[in-house]
Every structure is written in C-alpha cells, then in structure tokens.
Number of protein chains: 2
Amino acid sequence: MIDHMMPRRGFIEVGGLAAASLAAPATLAASFAQAGDARTEGRPLPEGVKLPSSPPRRRRADSIGFAIVGLGGYALNQMMPRIDQAERAHVAALVSGNPDKLRQVGDAYGVPEDARYSYEDFARIAADDRVDAVYIVLPTGLHAEWTIRAFAAGKHVLCEKPMAISSVECERMIAAARRADRKLMIAYRSHFEPYNLEAMKLMRQKAVGDIRLVRTEQSYRMGPTSPSQNWRVNRALAGGGPLEDYGLYGLQSALYLTGEMPESISATTFRPTGDPRFAEIFAHVSAQLQFPSGAVAQLVTSYDSAGGNIALVRGTGGSLIMDPATSYAGQKMRIEGPNGAEFNPGDPTVQFARQLDHLASAIREGTPIRTPGEMGLRDLRLIEAIYASAKAGRTEKVAPDGRLRR
Amino acid sequence: MIDHMMPRRGFIEVGGLAAASLAAPATLAASFAQAGDARTEGRPLPEGVKLPSSPPRRRRADSIGFAIVGLGGYALNQMMPRIDQAERAHVAALVSGNPDKLRQVGDAYGVPEDARYSYEDFARIAADDRVDAVYIVLPTGLHAEWTIRAFAAGKHVLCEKPMAISSVECERMIAAARRADRKLMIAYRSHFEPYNLEAMKLMRQKAVGDIRLVRTEQSYRMGPTSPSQNWRVNRALAGGGPLEDYGLYGLQSALYLTGEMPESISATTFRPTGDPRFAEIFAHVSAQLQFPSGAVAQLVTSYDSAGGNIALVRGTGGSLIMDPATSYAGQKMRIEGPNGAEFNPGDPTVQFARQLDHLASAIREGTPIRTPGEMGLRDLRLIEAIYASAKAGRTEKVAPDGRLRR
C-alpha cells in the first residue's frame, strides 16, 4: 500500500467506548488493553513498526519536551521516527494504555521509565517538569477531553487534526487554553511541509494567474472493517467519516491555496446500505465551495472509491498540479502553462518535526502560531456547514468565521 | 493550438443582430457579407481551410443528401472534410451568405451551382429533391429559426449542439418536426465516436465498479474579442457562455457515463468585470450534480482558465480517465485499477460521418434516433437549472425530464 493509502488506523475496540471513556479514564485504559485489532494502540507493537536503533542526538538546552499521548500507527510509524529532525523539540514522555508498548517504545526512544504514563496516571504529568507540551495523537473523539486534561495539568498542547468532533468541542478547547494561559496548536502538518509551503507562495505570487478552480481528491478504498474494529468508521470517535480524516487535507488546501474563505457551500454525502464499514459514517462526501473572488473549489473524499491525494488549481495563467498533494512523503508538484516547471522545494518528511519546532518557538519566544485552535475551529465549522448542506439538500451561506448564515 | 482548444468560432459581426435577423433574413445575409472578423462565415475562406482536392467518391443510390447551412470554421475545418467517410450521406447543397465562399466550397465539394443557396434563397430548397435533410451549423441563437424553416421546406434536420438558446425554443423545434412529420436529430457527435461509445459500454459493464464521482473539465483561455466580433461571446447568439458550447460535452458525459439523470444541481457562475470578452456571457460555470445512485458529478467549464477537455470517473473498483475526452480527434482513454488498460477502440474522426449515417438510417428505415430533439431539450433544461441555481444561490431539485422542481 502506498503512503497516502495508509492514514492512521485502528485504535480501540469497543464502539460505544468514547462516551464511556470521557467519564471514566480507567475504563478507557482497560479497553485499550483488551483491544482485539492487531493495529490498535492497546495491542503489542505491530510488525514493521520503525523504532530507532539508537537514542536521539543530544538536544539543545531550550528544547521543548513533548509527552506523546497515544501510541497508534500514525505516532509510531510516521511522526515519532521523524521527531529527531526537530531542532528544539524532543520526546520527553509517553502515554499509553499498553505497558508492553510503553516499555518497548520508551526504551527505543530513550524515554525514562518514570516518564512513561498510563491514562490513569496522566494527572501526575502536571508535576513532571520534563514535559512542557502534550501532543494528542488519539482518535478524534478523545481530542477535546485529553486536550483539556493537558491544560489542567499546565501543559501546552499540540493536537492532531481534526481538532475535535464538533465546533462546540473546539470552542471548549480554546476556552481551556485561554483559562490555562497555555498554547494550543493543531497539527496541520501541510503548513510545515515544503511542497505545500511553496504552493502557497506560488499562488500568492499568481504563478497561475487568478485562481478560478481548485479541485481536490482524498480517496481510497478501505478494506473490510466495522465500527467495533476501527475507530475511523466509528461515529463517536471519528465524526462523519472521510471528510474529517482524509478530506480535511483537501478542504485546507482549498483555503490556503486560494487564500480565501468560502461564502457558500453545497455538498452531498452518500453511504451504501448494508455495509458494516459505513454503518455509522458516510462513505463519500462531495462539496462545492464558492469564494468571494469568484473562484470555486470542488472537493471530494471517500473511503470507498478509487482516487488519490490530489490538489489541482486552474488559473487564468496556468495550472498547479500536486499529486500526491499532502502525503507523509513523496510529494510531486508542477505548474503547467507559461510559468511551467517541476518543483522540488525540499524533503516533505520535515513536516513532522517542523510543527514541533514551531510550537517550541511559540512557547519560548511567544511567536504567533500558524495553525492555532481557531483554525481548527474554523475548519470544524466548515465541516459542519458541509454536512448541513448535504442533509438539507440546499446551498448554505457561510460567514467569514465559518459559521452558517441563515 | 491543439484540437480541443479550437471549438468553432467567429461567425457574424453585429451584436444585436440575432433578434433582427429572425425577422429579416435579408438583413442577416447582408450582415454576414459585412462581417469584419477574418474567421466569420461571411468572409472569404480563411487560410488553412482544408478543401478536398478531388470530388467525393461515388455514392450509394440511397444516400441522403444534406444541405449544409452555415460555412463557418467548424463546418469547413472539421465536419465537411470528414463527410466523405459517410456510407450513405453526402453534401447535396450549401447555404451561405457569401457568394465567393459558396463558389469555392461548392467547387471543392462538387456541389452543383444550382444547389448553392443564399439565405434569401433558402425557401427554394423545398423544391430541390436532391436535398433530403438540412444540417444546421449556424450560431446557436439561429438554430430554432432555421430548423423550423427547414421543416417548413419539408426537409429532415440535423442540428448542431446546443440545440437552441432556451428550452422554449427546443420545444418549438420539436413541435415543428412533429407537424412536418420529419426527423429531428441533434449533432451530439460523442454518441458516435468510438472512445465515448466504448466508455459508455465499460461503465455499463461496471469496469470501475459502482460510479461514485464524475469530474469533467472543458476549459480554455479565449483570446481578446468582444460580442460584436465573436458570436460565442454574444449572449443573443450563444446563450450564457462556455456551458452551452464547450461545457455541454462534460454535462453530456456525466449523463451517459452514469446512465442517470441528476435529482439536484448546485452551480456557480462567474465573470470578471470590465473584460469585453465577458460583457454578455459568463466566463466560468461550475456545477455539482447529485444522482439517485449516490454518484456525484462535478463539472467545470471556462473560456478564461487553463484546463482541458477531460472526463474522469472514480468508482468502487477503479478509475476511467479520458483526456482529451471529446475532442475532434486524438482521444486518449485508460482505466486504472484491477481492470487497468489503455483503450484504442477506433478512429475518433468517424464521429462526424457516423452521425450523418445514423440520421440516414432513421430516414430510410425509421430506426430510432440516438440523439433526438428530446435529448437536446433535456440538456437545455439542465443548463437552465444550472443557471437558475447559480442565480438564486441555492440547490435546485430536478425532475427526470430535466425540469426544475419547486
């Protein structure tokens, strides 16, 4: 399977778990330990996981210590192996429901034994001065709870995308950050990835003239699974489906390539009947966004269709083609037209470490955060507008902050 | 310029002409003769026009004689040079407002002098037994009038697409055909072109599984012009703009590839201000169509954007990629996925002649017409639904016959 066909997967087993776990972290951790899927966080390390063979290089004195909360496939396979590229961030602690995994990963990354936390233990992290920030890499439905717990422990937070299940949760998270006077950043890695950064710059420079159309596709066909086996198809943990997970990259691209917020949205959703993968979530989401400039974005995302990870811009003076557009690695980008060129602006895999460094600077120097909680909130509002449009079968007007206008 | 960047162009000069010409064909013909654009029908033959060096091969006794009405770029450069591929159709007469062009083209195609008509002369064609059918290759705004004149002369009609400026005109044309008891066919050449026919068959055979997404693009950037120079940007002659002309290929593709009619449509239009090209028409049209199966089509067409002539289908079992999709020649088509293959089903240029043969069979044997006036009417209704959605900024419901449901 190619890179963009492998989003983070599998985490916990029990469909109705999320709601229960919000009330009782002990139950959550116990369920992690019972998890039956080989790719879940609660199970031993799956084969093929990359663990570093030597401890990370010596760190700067002002390096920010991150506690990684959730040792699922994305953390272990994508993000953690690349953290060593960070200039001033390092793994200071681990939080997992699986003691064996804590030991193996802790040993591999040189995390001291007393910085390996279970979920029941998490509150103790408040007193751990080695931990400056918490990186939430849990299923979406658990982001709000654990972000707020991290703020309660006095830590800064880097939270995986999507920020949460709903805009209401996002607002709670932002309020918690404010109360705690701590930083909140959303891990929108494409904002730190050389190809996408170059694309933003090229679009600002009008390398394809005035933008008239953005088309994105984030689609793949998911193998057999069900809400009790895979959190990504579990509504309480994942939200509506591929839009929050994979399609969010396309939505984000449309916004940062045009540099605009949509003023209206029309969307459709679809799920085949009788398919356990789509018992709780949509299989397909399509949306058309109209921007004030006249540009239009057409987005599509699917867990049940051929496709890819593609962003295409058509302008009055040429085209930008990114394929794959927002993958973990292997980005390709070209412009067709008078400014035609292939671009190779750098190693995409720095995206993982650069967002840690970015938050480190915000913590140390107070520099502004490029992908703050407000951006995560804005995107959840747009996602909600997309679902509202699809449900009502009508075009929805959207305010500049992403709220529905009715 | 490549083939699909060269739709038919330039025809008559005067912006307000269409309305006047409907009342006074003499004025129309006079205006053709005065036309100032080098690419117009009323001017001498432009350089580079292909005229046959020898008269066409001998024809079958039952060959249908066509009068070609309108000797513009499409007729002269694309359609007429390929008519010789027809089995049982031939050019029997010409109708043009330019005597020099009538002479040159008539000589080249072996059309007798007494079968060369001016617009003022047209009524005389009723008595010309060499002419069985009339092929209307005029600007869209003149289709209804000259189709109805042809029926009044007792002839069958092949009418270029789009069928007319409005669904009301289409209904008048269909009624005229019924009254005259003559055949009416719309020149939707892709229904007679081997790649698109093969694509329809592959989609019916589920070569990419269940269709979830169709994406089409028919876009190019038009050079400087104005409504008085180029009928394609003149609202009275062209309708709303690129949708009727170029984008109609994408709309048609979405219907014949899915085999469905949409149940709802949301669309946006855009035109830059202060641009003489878009003083009367839209520059861009984007539409999202939802089908009963759950499939979605996203269409875009533009006269002012990079792009191409592309149809893309994503299904549960693979992708169909047609690029260029509906050009005069040079089609390319492949499937990606388990049934992956390149296709080369035949010479696309037979599309021009095969539609003449198709109408010939309908006339001689009474076989059903694949692209009847009712299809043209259906498409005009969908075009009107697209504009209605864009104008109202809302999603429109559509009935199976293409009418708005409100």
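Quantities reported herein were computed from a predicted structural model and do not represent experimental measurements.

Caption draft 1: Structural view of the overall build of chain A. Helix and strand counts for chain A come out as 11 helices and 16 strands. A separation of at least 24 residues holds for 71% of the contacts in chain A among residues at least 6 apart in sequence. When the accessible surface of chain A is totalled, it reaches about 14300 Å², and 51% of it is carbon and sulfur.

Caption draft 2: Here's a closer look at the sheet that holds strand 7 (residues 211-219) of chain B. Residues and elements named next belong to chain B. In space, the 10 strands of this open sheet follow the order 14-13-12-11-7-10-9-8-15-16, with mixed pairing throughout. Every interior strand has two partners, whereas the edge strands, strand 14 (341-343) and strand 16 (404-405), have only one. Here 2 bridges tie strand 8 (residues 264-270) to strand 15 (residues 396-398), and the two strands are oriented antiparallel to one another. Each bridged residue has a counterpart across the sheet, and for I265 the counterpart in strand 15 is E396. Packed on one face of the sheet, helix 9 (residues 242-258) meets strand 7, strand 9 (284-290), strand 10 (296-302), strand 11 (309-315) and strand 12 (318-322) and runs near 160° to strand 7.

Caption draft 3: Layout of the packing of aromatic side chains. All names here are of chain A. Inspection of the entire model under this criterion finds 16 aromatic pairs over all chains. Here Y119 and W146 contribute two aromatic rings whose centre-to-centre distance is 5.1 Å and whose plane-to-plane angle is 70°, an arrangement assigned as edge-to-face. In this pair, Y119 is assigned in the loop between strand 3 (116-117) and strand 4 (133-136) and W146 in helix 5 (residues 143-152), connecting sequence segments 27 residues apart. Look at Y119 and you get buried, because its relative accessible area is 1%. For W146, a relative accessible area of 0% gives the class buried. Summarising the aromatic geometry, the rings of F122 and W146 are spaced 5.2 Å apart at their centres and angled 85° between planes, so their arrangement reads as edge-to-face. A residue pair is termed long-range when its members are at least 10 positions apart, and F122 in the loop between strand 3 and strand 4 and W146 in helix 5 qualify at 24 residues. Both residues of the pair, F122 and W146, count as buried. Each member of the aromatic cluster is reached from another via a ring pair, and the members are Y74, Y328 and F352.

Caption draft 4: Structural context of the pairing of strand 5 (residues 156-160) of chain B. Residue and element names in this part refer to chain B. Most of strand 5 is tucked away: 5 of the 5 residues are buried. Burial of the side chains of strand 5 extends over both faces: H156, L158 and E160 are buried on one face and V157 and C159 on the other. Two elements, strand 4 (residues 133-136) and strand 5, share 4 bridges in a ladder whose sense is parallel. Among the inter-strand pairings, I136 is bridged to a residue of strand 5, identified as C159. Once you follow strand 4 into helix 5 (residues 143-152) and on to strand 5, the crossover reads as right-handed. At this point the chain moves from strand 5, through helix 6 (residues 167-180), to the parallel strand 6 (residues 184-187), and the crossover so formed is right-handed.

Caption draft 5: Main features of the pattern of salt bridges. Residue and element names in this part refer to chain A. Within the structure shown, the criterion is met by 48 salt bridges over all chains. E365 is the salt-bridge partner of R88, the closest N and O atoms lying 2.9 Å from each other. Of this pair, R88 sits in the loop between helix 3 (73-79) and strand 2 (89-95) while E365 is found in helix 10 (residues 350-365), placing the two residues 277 residues apart along the sequence. With a closest N to O distance of 2.8 Å, D114 and R130 form a salt bridge. Taken together, the residues span a long stretch of sequence, with D114 in the loop between helix 4 (99-109) and strand 3 and R130 in the loop between strand 3 and strand 4 at a distance of 16 residues. Judged by relative accessible area, which is 33%, R130 ranks as partly exposed. Put simply, R60, D62, R88 and E365 are held in one network by salt bridges that share partners.

Caption draft 6: Highlighting unusual backbone geometry. Residue and element names in this part refer to chain B. Residues K161 and P162 are joined by a peptide bond in cis, for which omega reads -10°. Within the fold, P162 resides in the loop between strand 5 and helix 6. Following D323, the chain continues into P324 via a peptide bond in cis, with omega recorded as 0°. Despite not being glycine, K206 has its phi angle at roughly 60°, a positive value. Inspection of the secondary structure assignment puts K206 in the loop between helix 7 (194-204) and strand 7.

Rules behind the numbers
- Residues numbered from 1 in each chain as written.
- Chains lettered and ligands numbered in written order.
- Predicted model: local features only at pLDDT ≥ 70, side-chain atom pairs only at ≥ 80, totals over all residues.
- Heavy atoms only, no water.
- Helix = DSSP H or I, 4+ residues; strand = E, 2+ residues; numbered from the N terminus.
- Contact = heavy atoms within 4.5 Å.
- Areas by Shrake-Rupley, 256 points an atom, 1.4 Å probe, with all protein chains shown as cover.
- Pairing = 2+ DSSP bridges.
- Axes fitted to C-alpha atoms, helices over the stretch in contact; angles between N-to-C directions.
- Phe/Tyr/Trp six-rings, centres within 6.5 Å; stacked < 30°, edge-to-face > 60°.
- Buried < 20%, exposed > 50% of the residue type's maximum accessible area, 1.4 Å probe, protein only.
- Right-handed = clockwise from strand over helix to strand, strands pointing away.
- Salt bridge = Lys/Arg side-chain N within 4 Å of Asp/Glu carboxyl O.

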